[in-house]
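For reference, the chains in residue letters:
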Amino acid sequence: MLDVKFKLTPSHTTERVWMEPSPLRTLFWNSTYACNFNCGVCFTNGGVPFTDELSTSEAMDTFKKAHDAGVRKIIISGGEPFMREDLIEILAYMGSIGLEARIASNGSLLTDDILRRLRDETLVKSFQISVDTIQPELYGEFHGVLPDRLASVLNIIESIKKHGFHTTVSSRLTPHTLPGIPDLMDRASMEGWATFTVHFPLHTGRSNYAFDQDTDFISLLRPAFDHFLALPKQWVIEMFIPWARYHPVVRHLEKRIRVVHAGCRAGRDRVTINPCGDISFCVCFDLPEFYLGNVRQDNLEDIFKDSKTCDMMRHPEKYGICADCANVQTCGGGCRVAAYSITGRLDGQDESCPVYKLQVKDEKKGA
């Protein structure tokens, strides 16, 4: 997922040399395919659980081995994570061995009792709740639920905040949700949500409402950037987009506010485990033909260190990716999932890159 985070609290993210060697630090775990929503945009095609999803003991064993390999943070998504009846048990175990957790959820199954247990029994630090829009009818259509569900989820977000968790609200950027982003920013400022995140969907799961993959979404967000700058309280913008620093809108933005370029760490300091234990380099890339192994029989640390795909993420120029571009060491060759969505090749060109777009434009002028 390509993300822009609007932080209403100070950022602790530091600038990185993106391609520097790194140990395995973080895991994404898509905990189940089960979901009680039916969103038109979903990178895992969440809905019905698979019969061979990791058991409680298998999940705990996986996280123990991950901890032994140096992982200290697990980011949990789904489907809807709280469709797993054993999730709190697993989170409590993770906390007992020192694993911090951050959870992405639709929020609909959370209660004060669950939040209290998570606060007291686990090392859960934050929640990211998908809201997408604060228009009830559009919310219902987008999420495949009744419109009145929005009000209950907004109440849960308030409970999350009261229980002391870092509170992030997210919106998937589509033609339907784009006009309402300033309203969500206003709500975030008014309610004291710590972070508001905009995701640009990658076309690897359901993408019924999404923009075309090569859409210049940074330019589409320019009015949203201006709106954020006009808020009475704003701190920083974080870009989890490989080539963001080279976009003209972002360069202009950096003259007005601090922009942190966190880039993409997929395959560089993290990998993803899907509900059935399959390992992939990116949380948005749950495709069988690109699985790197499975935690039931493969060593997670060895997969991270030795797989060709993770090596390609760390050293894209070795595989002919953007090898003639001076920015490859900081950009990392763009988004590999976007490149695959556009070209059908994992080592293809990320045609959403502004540097590439400018090159094509100049070539057309010179033709």
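Let me sum up the structure you'll find in this document. No experiment lies behind these values; they were computed from the predicted model shown. (Residues numbered from 1 in each chain as written. Predicted model: local features only at pLDDT ≥ 70, side-chain atom pairs only at ≥ 80, totals over all residues. Heavy atoms only, no water.)

Some thoughts on the overall build of the chain
Line of reasoning, step 1. Of regular secondary structure, the chain possesses 14 helices and 14 strands.
Line of reasoning, step 2. Against the compact-globule benchmark of 21 Å for 367 residues, the chain has a radius of gyration of 20 Å, which places it among compact chains.
Line of reasoning, step 3. Based on the C-alpha atoms only, the size of the chain along its principal axes is roughly 65 × 50 × 35 Å.
Line of reasoning, step 4. Sequence separation of at least 24 residues holds for 72% of the intrachain contacts in the chain that already meet a minimum separation of 6.
Line of reasoning, step 5. Surface exposure of the chain reaches about 15,200 Å², of which carbon and sulfur atoms provide 50%.
Line of reasoning, step 6. Positive and negative side-chain charges in the chain, numbering 41 and 47 respectively, have mean positions lying 6 Å apart. (Helix = DSSP H or I, 4+ residues; strand = E, 2+ residues; numbered from the N terminus. Rg over C-alpha atoms; globule rule 2.2 N^0.38 Å. Contact = heavy atoms within 4.5 Å. Areas by Shrake-Rupley, 256 points an atom, 1.4 Å probe, with all protein chains shown as cover. Lys, Arg positive; Asp, Glu negative; His and termini not counted. Charge placed at Lys NZ, Arg CZ, Asp CG, Glu CD.)

Looking at the nonpolar core
Line of reasoning, step 1. Within the largest apolar cluster, 105 residues are counted, with the highest numbers of intra-cluster contacts made by Trp29, Phe127, Phe225, Met239 and Phe281.
Line of reasoning, step 2. Looking at this core element by element, the count peaks at six residues for helix α5 (residues 149-162).
Line of reasoning, step 3. The contact partners of Met239, leaving out residues within four places of it in the chain, are Asp3, Val4, Ile218, Phe225, Ala244, Val250, Leu253, Val259, Val260, His261, Ala262 and Gly263. (Core = buried A, V, L, I, M, F, W, Y, C linked by side-chain atoms within 4.5 Å. Buried < 20%, exposed > 50% of the residue type's maximum accessible area, 1.4 Å probe, protein only.)

Some points on the packing of helix α1 (residues 56-68) against helix α2 (residues 87-96)
Line of reasoning, step 1. The N-to-C vectors of α1 and α2 enclose an angle of 25°; their axes lie 10 Å apart at closest approach. Taken together, the axes of α1 and α2 lie roughly parallel to each other. Crossing of α1 over α2 shows right-handed handedness. The segment α1 lies against α2, with Thr56, Ala59, Met60, Phe63 and Lys64 engaging Glu89, Ile90, Tyr93 and Met94.
Line of reasoning, step 2. Of the residues in the contact of α1 with α2, the class split is six nonpolar, one polar and two charged. (Axes fitted to C-alpha atoms, helices over the stretch in contact; angles between N-to-C directions. Parallel < 35°, antiparallel > 145°, perpendicular 65-115°, else oblique. Left-handed = near helix turned anticlockwise from the far one by under 90°. Nonpolar A, V, L, I, M, F, W, Y, C, P; charged D, E, K, R; others polar.)

Some details on the packing of helix α6 (residues 181-191) against helix α8 (residues 222-230)
Line of reasoning, step 1. Packing of α6 against α8 leaves a shortest axis separation of 9 Å and a crossing angle of 25°. When the axis of α6 is compared with that of α8, the two are roughly parallel. The hand of the α6/α8 crossing is right-handed. Each of Ile181, Pro182, Met185 and Asp186 in α6 lies in contact with α8, whose residues at this interface are Ala224, His227 and Phe228.
Line of reasoning, step 2. Residues of the contact of α6 with α8, tallied by class, amount to five nonpolar, one polar and one charged.

Some points on the pattern of salt bridges
Line of reasoning, step 1. In the structure shown here, the tally under the stated rule is 17 salt bridges.
Line of reasoning, step 2. Close ionic contact of Arg256 with Asp226 constitutes a salt bridge, the shortest N to O distance being 3.0 Å. Of the two residues, Arg256 sits in the loop between α9 (248-253) and β11 (259-261) while Asp226 sits in helix α8, which places them 30 residues apart along the sequence.
Line of reasoning, step 3. Since its relative accessible area comes to 46%, Arg256 is described here as partly exposed.
Line of reasoning, step 4. Here Asp347 makes a salt bridge to Arg345, at a shortest N to O gap of 2.8 Å.
Line of reasoning, step 5. For Arg345, a relative accessible area of 47% puts it in the partly exposed group.
Line of reasoning, step 6. Beyond isolated ion pairs, a larger network of salt bridges with shared partners links Arg25, Arg265, Asp269 and Arg270. (Salt bridge = Lys/Arg side-chain N within 4 Å of Asp/Glu carboxyl O.)

So, α8
Line of reasoning, step 1. Listing the buried residues of α8 in full gives Ala224, Phe225, Phe228 and Leu229. Viewed along the axis of α8, the buried residues span an arc of 140°, placing them on a single side of the element. For α8, exposure combined with an orientation more than 90 degrees from the buried face picks out Pro223 and Ala230.
Line of reasoning, step 2. Considering only its buried residues, α8 is in contact with β1 (2-7), α6, α7 (217-220), β10 (236-240) and α9. (Arc of directions from axis to C-beta.)

Observations regarding the packing of aromatic side chains
Line of reasoning, step 1. Going through the model one piece at a time under the given rule, you end up with 14 aromatic pairs.
Line of reasoning, step 2. Both rings, one in Phe6 and one in Phe196, keep their centres 6.1 Å apart while their planes meet at 25°; by these two values the pair is stacked. With Phe6 in strand β1 and Phe196 in strand β8 (residues 195-200), this residue pair connects regions lying 190 residues apart in the sequence. Across the pair, exposure class does not vary: Phe6 and Phe196 are buried alike.
Line of reasoning, step 3. By way of ring pairs, the aromatic residues Phe6, Phe196, Phe225 and Phe228 are connected into one cluster.
Line of reasoning, step 4. Above the face of the Phe240 ring, Lys5 is positioned so that its terminal group lies 5.5 Å from the ring centre.
Line of reasoning, step 5. Lying over the aromatic face of Phe304, Arg314 brings its terminal NZ or CZ to 4.7 Å of the ring centre. (Phe/Tyr/Trp six-rings, centres within 6.5 Å; stacked < 30°, edge-to-face > 60°. Lys NZ or Arg CZ within 6 Å of the ring centre and 35° of its normal.)

Focus: the side chain of Thr26
Line of reasoning, step 1. Looking at where Thr26 falls in the secondary structure, it is placed in strand β2 (residues 26-30).
Line of reasoning, step 2. You can call Thr26 buried: its relative accessible area is 4%.
Line of reasoning, step 3. In this view, Thr26 contacts Val71, Lys73, Ile75, Asp269, Arg270 and Val271; residues no more than four positions away in its chain are not counted.

Quick notes on the environment of Thr215
Line of reasoning, step 1. Residue position: Thr215 is located in the loop between β9 (206-207) and α7.
Line of reasoning, step 2. For the pair Thr215 and Phe200, spaced 15 residues apart in sequence, the C-alpha separation works out to 9.6 Å.
Line of reasoning, step 3. Ignoring sequence-local partners within four residues, the contact set of Thr215 consists of Phe200 and Leu220.

Section: the pairing of strand β5 (residues 100-105)
Line of reasoning, step 1. With four bridges joining them, strand β4 (residues 73-77) and β5 adopt parallel strand pairing. Each residue of the ladder has a partner; that of Ile76, found in β5, is Ile103.
Line of reasoning, step 2. Handedness of the β4-α2-β5 crossover: right-handed.
Line of reasoning, step 3. Once you follow β5 into helix α3 (residues 112-121) and on to strand β6 (residues 124-130), the crossover reads as right-handed. (Pairing = 2+ DSSP bridges. Right-handed = clockwise from strand over helix to strand, strands pointing away.)

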